[in-house]
Amino acid sequence: MRVKRVEPNTKQPQTASKVDLSLMDPLITTLRKKRGNLIPILQGVQRIYGYLPEASFYKIADETGLKLADLYGVATFYAQFRLKPVGKNIVKVCHGTACHVQNAGKISRSMEDTLGIKDGETTEDMLFTLESVACLGCCSLAPVMMIGDETYGNLDQKSAAKIVKEIRRNEK
Amino acid sequence: MEHIQLTVDIGSSGIASGAGKVYDHLRTIVEKDNLAVNLKQTSGIGMCYKEPLLEVVDADGTYLYGDMTPELAEEVIHSHLKLNVPLKQYVVHSNRIQSDHNRFLDDQIRIALRNCGVIDPEKIDEYEQHNGYKAIQSILSENLSTENIIQTIQDSGLRGRGGGGFPTGLKWKFAANNVAIEKYIICNADEGDPGAFMDRSLLEGDPHAVLEGMIIGARAMGATAGVIYCRAEYPLAIKRLNIAIHQAREKGYLGKNIFGVTGFDFNINVKEGAGAFVCGEETALIASIEGKRGMPRKRPPFPAASGLWNKPSNINNVETLANIPWIIQHGASAYAQYGTEKSKGTKVFALAGKINRGGLVEVPMGISLEEVVNNLGGGVPNNKKLKAVQLGGPSGGCIPEHLMHTKVDYESVTATGAIMGSGGLVVMDEDTCMVDVARFFLDFTRKESCGKCTFCRVGTKRMLEILTGITEGKGVIEDIDKLLELGEQIKKNSLCGLGQTAPNPVLTTIKYFRDEYEAHIIDKKCPAAVCKQLLHYEIIEDKCTGCTVCAKVCPTNAISGERKQVHYIDQEKCIQCGECFNKCNFDAISVS
Ligand SMILES: Cc1cc2nc3c(=O)[nH]c(=O)nc-3n(C[C@H](O)[C@H](O)[C@H](O)COP(=O)(O)O)c2cc1C
Ligand code: FES
């Protein structure tokens, strides 16, 4: 079910010093009055910060008149939105039908081993976040994964591990 | 080297295989050597299994080279262009060379895909050179009436390619009959079926065809604005759509008084999806465009009466719309000449899974599954036996080998218990466990259920629990009947198409592969050796060298043995993780 139970968060909203909320200003200015702007605003915010900082919700609500509850409801409904910071590189391992029958599980395990994190987690150095997704649309190349905007096909455990190791090396 | 045309196929699959590097390298060579050739890019001929592709068209004929690398492409330039000797070993399709690969393209009837892999999708001029925007222009110059356009679509027999198969002309008629000042035409490019990529390839390869289809629809129904709802996982499709829209606006094909016709105002915007399968459903999609959680609602009212912003709206799939300009141009009967009595025209399929030639094909309706898989797809690789073909994704089902003569048309496919769906065709061989496949789909639908209605929300969860139990060896024989009963209930009582079809993968696998369910439940065995908990690992004494690698990787210390001595697995401690099997360098571990 898409509706997740969320623990109530009693902490204060993140202080503006942590994330520079003014980065959102142009986005809000262009979309403030548009019909159906809620999802594009959240998508825009996520494009800026990589995730949806808690404080951004308050700012959007204040400046657009959208309800906090609606914002939060939408943010938790769609798989795209993240409420926690993510790594610089998001590794999306495909678990669509074609990739599943071509043993995508092995690719995920190889990634978990290489990165030392589980599905959905982020490495401590904030370089990688590991996710599984359903179909990247390159099914003939299954198994497939995507890092950033780059898609890699016909993978096996070794070649997949090699790809992230190389990215890690280049980041250092 | 007169009039030589070099074309590199740069779509998502191509890029993932390295087509971008091939193109860049070619451009460098062409510039450096000042070659008198025309180098261009295109997208999505569909031969994904041979990507990156480079096509050379010279005075003699056409040669499509596959599996290109920058180095090989350079070799092609050298040998084919400079010495005039085509490198036959890399040619995957040619009108000059006989090969079985040719069938992949030659057996197709390409209507929706007519321009894919032919034109540069980022250039409106190329689309226009290939009869682009001629259909709408002829409608306007001949002043064809709304009824006339809709009648042509009805006569063509075109049915919705998004899965439902509803007659497109009729749908347009409903929307046309609802008079309103504001009216919408929506293109469904959410393509949620995991294992399908028809719409992505179409949008990447021929975005203008979809725009033209929408403009014609707008003319026929009196729509005032268009929205393309495209999934966010398709960045290249979104980029090319936006380029196409921009170009069309500049030419006056979108905007106010388009094509110079006073009062014909129509504009199109792209909305990015946010990752929810259920948003492919019409009412959920509308809710999502309006900025709400993508939850379906009860119908009626149907979108044709009250859709986006409570205005009459018409929703069509990408492929449906791409067919429209062709039908207008060539006439209804030209389209209806293909297909069967109730399913006319052609259908695009995305071939994937255990198949030699995976990719995108467009075939006439009425062709058999066998022909698609064997003639076009080249059959199953590695001499394995085909077990089933999955059609329709999470809403569809598995058609077993003995029904491969089934015709591809809406009625015949539905009769098997599967559905035609949007065109995802995943081939499964003897190494695929059908219980695991059913569990896979239920896991998907359970996660994607929006939670609004109980049967879908709780029912899929219960079905998944039962299926997981079976794959873990905890099933009891009554489980099969429970799944059947639960499945029927969910189908009957769910609110939207997601729940109404979610049990299909389970029901069809029970129908055709009951023996596999029983093997899991009674014998506690997975015949395809997929379900981990049912596997049995053993060390082959003759092959074990006593290298100790397996003992080291075993997380439960289930493997013991002295160095240089044969090792043993304690079956009590073994958790079937398969680590030893993966790490053994001597193939000394058997799995059954
Ligand atoms: C759960 C669910 C998911 C769907 N996903 C899609 C999709 O991804 N693309 C699509 O075109 N139609 C999808 N449909 C079908 C649409 O609701 C709708 O019937 C279709 O877009 C209508 O266009 P057509 O008549 O041209 O096929 C889906 C339906 C359901 C119930
Ligand atoms: S199933 Fe993995 S890319 Fe489609």
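Residues numbered from 1 in each chain as written. Chains lettered and ligands numbered in written order. Predicted model: local features only at pLDDT ≥ 70, side-chain atom pairs only at ≥ 80, totals over all residues. Heavy atoms only, no water.

**A look at the domain arrangement of chain B**
Part 1 of the argument: For chain B, the assigned domains are domain 1 (4–101), domain 2 (124–335), domain 3 (346–429), domain 4 (434–523) and domain 5 (535–591).
Part 2 of the argument: Put simply, the middle of domain 3 of chain B and the middle of domain 5 of chain B, counted by C-alpha atoms, are 39 Å apart. (Domains from an automatic or database assignment.)

**Some remarks on the site of ligand 1**
Residue and element names in this part refer to chain B.
Part 1 of the argument: Around ligand 1 sit 18 residues, and of these Gly162, Lys171, Asn188, Asn317 and Thr320 come closest.
Part 2 of the argument: At the level of elements, strand S9 (313–317) and helix H20 (497–501) are the ones that each hand at least two residues to the shell around ligand 1.
Part 3 of the argument: Sort the elements by how many residues they give to the shell around ligand 1 and S9 lands first, with three residues.
Part 4 of the argument: Residues of the shell around ligand 1, tallied by class, amount to three nonpolar, nine polar and six charged. (Near = heavy atom within 4 Å. Helix = DSSP H or I, 4+ residues; strand = E, 2+ residues; numbered from the N terminus. Nonpolar A, V, L, I, M, F, W, Y, C, P; charged D, E, K, R; others polar.)

**Considerations on the state of the cysteines**
Working definition of a disulfide: a covalent bond connecting the sulfur atoms of two cysteines.
Part 1 of the argument: If you walk through the whole model with that rule in mind, you get zero disulfides over all chains.
Part 2 of the argument: Cysteine Cys398 of chain B is unpaired, with the sulfur of Cys433 of chain B as its nearest cysteine sulfur at 11 Å. (Disulfide = S-S within 2.5 Å.)

**Describing empty space enclosed by the protein**
All names here are of chain B.
Part 1 of the argument: Taken as a whole, this structure holds five cavities of 30 Å³ or more when the rule is applied.
Part 2 of the argument: Of the volumes computed, that of the largest cavity is approximately 110 Å³.
Part 3 of the argument: Lining of the largest cavity is provided by 14 residues; of these, Cys554, Cys574, Ile575, Cys577 and Cys580 occupy positions nearest its centre.
Part 4 of the argument: Across the lining of the largest cavity, the residue classes tally to ten nonpolar, three polar and one charged. (1 Å grid on protein atoms, 1.4 Å probe; cavity = no way out; pocket = protein on both sides within 12 Å on 5 of 7 lines; lining within 4 Å. Points joined across faces, edges and corners; volume = space filled by probe spheres on them.)

**Observations regarding the interface of chain B and chain A**
Part 1 of the argument: With 57 residues of chain B at the contact, the number on the chain A side is 39 residues.
Part 2 of the argument: Interface area, chain B with chain A, both sides summed: about 3,700 Å², of which 55% is carbon and sulfur.
Part 3 of the argument: Along the contact surface separating chain B from chain A lie two salt bridges.
Part 4 of the argument: One can count 20 residue pairs in polar contact (both at pLDDT 80 or more) joining chain B with chain A.
Part 5 of the argument: Of all the secondary structure elements, the ones that give two or more residues to the side of chain B that touches chain A are helix H1 (12–17), strand S8 (267–272), helix H12 (282–289), strand S10 (346–353), strand S14 (424–429) and helix H17 (434–448) of chain B.
Part 6 of the argument: By residue number, the principal contributor to the side of chain B that touches chain A is H17 of chain B, which donates seven residues.
Part 7 of the argument: Tallied by class, the residues present in the side of chain B that touches chain A amount to 25 nonpolar, 16 polar and 16 charged. (Contact = heavy atoms within 4.5 Å. Buried area = accessible area lost by both parts, 1.4 Å probe. Salt bridge = Lys/Arg side-chain N within 4 Å of Asp/Glu carboxyl O. Polar contact = N/O pair within 3.5 Å; in protein donor to acceptor, adjacent residues only side chain to side chain.)

**Some words on the packing of aromatic side chains**
Residues and elements named next belong to chain B.
Part 1 of the argument: Within the structure shown, the criterion is met by 13 aromatic pairs over all chains.
Part 2 of the argument: Measuring from centroid to centroid gives 6.2 Å for Tyr537 and Phe581, while their planes differ by 55°, and the two rings are tilted. Residue Tyr537 is located in strand S15 (residues 537–539), and its partner Phe581 is located in helix H23 (residues 579–583); the two are separated by 44 residues in the primary sequence.
Part 3 of the argument: Judged by its relative accessible area of 6%, Tyr537 falls in the buried class.
Part 4 of the argument: Every member of this aromatic cluster is reached through a ring pair, and the members are Tyr127, Tyr133, Tyr253 and Phe259. (Phe/Tyr/Trp six-rings, centres within 6.5 Å; stacked < 30°, edge-to-face > 60°. Buried < 20%, exposed > 50% of the residue type's maximum accessible area, 1.4 Å probe, protein only.)

**Comments concerning the environment of Ala59 of chain B**
Part 1 of the argument: Its location among the elements puts Ala59 of chain B in the loop between strand S3 (54–57) and strand S4 (62–65).
Part 2 of the argument: Considered as a pair, Ala59 of chain B and Gln5 of chain B are 54 residues apart in the sequence and their alpha carbons are 9.7 Å apart.

**A few points about the confidence of the model for chain A**
Part 1 of the argument: On average, chain A scores 89 in pLDDT, and the residues at 70 or more come to 90%.
Part 2 of the argument: Considering only residues more than four positions removed or in separate chains, one finds that residues 12–17 of chain A, a stretch of pLDDT under 50, has eight contacts. (pLDDT = per-residue confidence, 0-100.)

**Here we look at the sheet that holds strand S1 (residues 4–9) of chain B**
Residues and elements named next belong to chain B.
Part 1 of the argument: Across the sheet, which stays open at both edges, the five strands sit in the order S2-S1-S3-S4-S5 with mixed pairing between neighbours. Each edge of the open sheet carries a strand with a single partner, namely strand S2 (37–42) and strand S5 (91–94). Strand after strand, the sheet turns through a mean of 20° between neighbouring axes, direction not considered.
Part 2 of the argument: The pairing of S1 with S2 spans six bridges and is parallel. Residue pairing for S2: Val8 is matched across the bridge by Gln41.
Part 3 of the argument: Against the sheet, helix H2 (residues 19–32) makes contact with S1, S2 and S3, and its axis sits at roughly 165° relative to S2, the strand it touches most. (Pairing = 2+ DSSP bridges. Axes fitted to C-alpha atoms, helices over the stretch in contact; angles between N-to-C directions.)

**Some remarks on the confidence of the model for chain B**
Part 1 of the argument: Averaged over all residues, the pLDDT of chain B is 94; the fraction at 70 or higher stands at 100%.
Part 2 of the argument: As scored by the predictor, the complex reaches a pTM of 0.93 and an ipTM of 0.90.

**Topic: the domain arrangement of chain A**
Part 1 of the argument: The domains assigned to chain A are domain 1 (14–77) and domain 2 (89–171).
Part 2 of the argument: One C-alpha centre belongs to domain 1 of chain A, the other to domain 2 of chain A, and the line joining them spans 29 Å.

**Things to note about the packing of helix H6 (residues 104–115) of chain A against helix H7 (residues 157–171) of chain A**
Residue and element names in this part refer to chain A.
Part 1 of the argument: Contact geometry for H6 and H7: axes closest at 9 Å, N-to-C directions at 35°. Here H6 runs over H7; the crossing is right-handed. From H6, Lys106, Ile107, Ser110, Met111, Thr114 and Leu115 reach across to H7, where they touch Gln157, Ala160, Ala161, Val164, Lys165 and Arg168.
Part 2 of the argument: Within the contact of H6 with H7, the residues separate by chemical class into six nonpolar, three polar and three charged. (Left-handed = near helix turned anticlockwise from the far one by under 90°.)

**A short note on the sheet that holds strand S7 (residues 225–230) of chain B**
Sheets are built from strands that pair by backbone hydrogen bonding, the pairs being arranged parallel or antiparallel.
Residues and elements named next belong to chain B.
Part 1 of the argument: The parallel open sheet is built from four strands, whose spatial order is S8-S7-S6-S9. The sheet is open, and its two borders are formed by S8 and S9, each paired with just one other strand. Ignoring which end each strand starts from, the neighbouring axes of this sheet average 20° apart.
Part 2 of the argument: Here strand S6 (residues 184–189) pairs with S7 via six bridges, running parallel. Along S7, the bridge assignment pairs Tyr184 with Ala225.

**Quick word on the packing of helix H18 (residues 454–471) of chain B against helix H19 (residues 478–493) of chain B**
Residue and element names in this part refer to chain B.
Part 1 of the argument: In contact at an axis separation of 10 Å, H18 and H19 are set at 160° when each is read in the N-to-C sense. Between H18 and H19, the angle falls in the class roughly antiparallel. Every pair of crossing elements has a handedness; the one defined by H18 and H19 is left-handed. Where H18 approaches H19, its residues Phe455, Cys456, Gly459, Thr460, Arg462, Met463, Ile466, Leu467 and Ile470 are matched on the opposing element by Asp479, Lys482, Leu483, Leu486, Gly487, Gln489, Ile490 and Asn493. (Parallel < 35°, antiparallel > 145°, perpendicular 65-115°, else oblique.)

**Describing helix H4 (residues 68–77) of chain A**
Part 1 of the argument: Three or more residues of H4 of chain A are buried, namely Leu71, Gly73, Val74, Ala75, Thr76 and Phe77 of chain A.
Part 2 of the argument: Those residues of H4 of chain A that are buried are in contact with helix H2 (38–49) and helix H3 (54–64) of chain A.

**A few points about the nonpolar core**
Nonpolar side chains tend to gather and get buried jointly when the protein is soluble and globular.
Part 1 of the argument: Counting residues in hydrophobic clusters, the biggest one holds 81 residues, and the most contacted among them are Tyr133, Trp172, Leu211, Ile215, Ile216 and Phe266 of chain B.
Part 2 of the argument: The element that contributes the greatest number of residues to this core is helix H10 (residues 207–221) of chain B, accounting for nine residues.
Part 3 of the argument: Every residue in contact with Trp172 of chain B, bar those within four places of it in the chain, is listed here: Ile150, Ile153, Gly213, Ile216, Gly217, Ala220, Met221, Asn314, Asn316, Leu321 and Ile324 of chain B.
Part 4 of the argument: Phe57 and Ala61 of chain A together with Cys279 and Cys450 of chain B belong to the second-largest nonpolar core, a separate cluster that totals 45 residues. (Core = buried A, V, L, I, M, F, W, Y, C linked by side-chain atoms within 4.5 Å.)

**Let's talk about the pattern of salt bridges**
Part 1 of the argument: For the structure on display, the rule yields 37 salt bridges over all chains.
Part 2 of the argument: Linking Glu282 of chain B and Lys171 of chain B is a salt bridge whose minimum nitrogen-to-oxygen distance equals 3.3 Å. Here the residue Glu282 of chain B occupies a position in helix H12, and Lys171 of chain B occupies one in helix H8 (residues 168–177), the gap between them amounting to 111 residues.
Part 3 of the argument: Note that Arg514 of chain B is salt-bridged to Glu518 of chain B, the shortest N-O span being 3.7 Å. Here Arg514 of chain B and its partner Glu518 of chain B are both found in helix H21 (residues 504–521), four residues apart, which amounts to about one turn of the helix.
Part 4 of the argument: What emerges from the salt-bridge pattern is a single network uniting Asp25, Lys59 and Glu63 of chain A.

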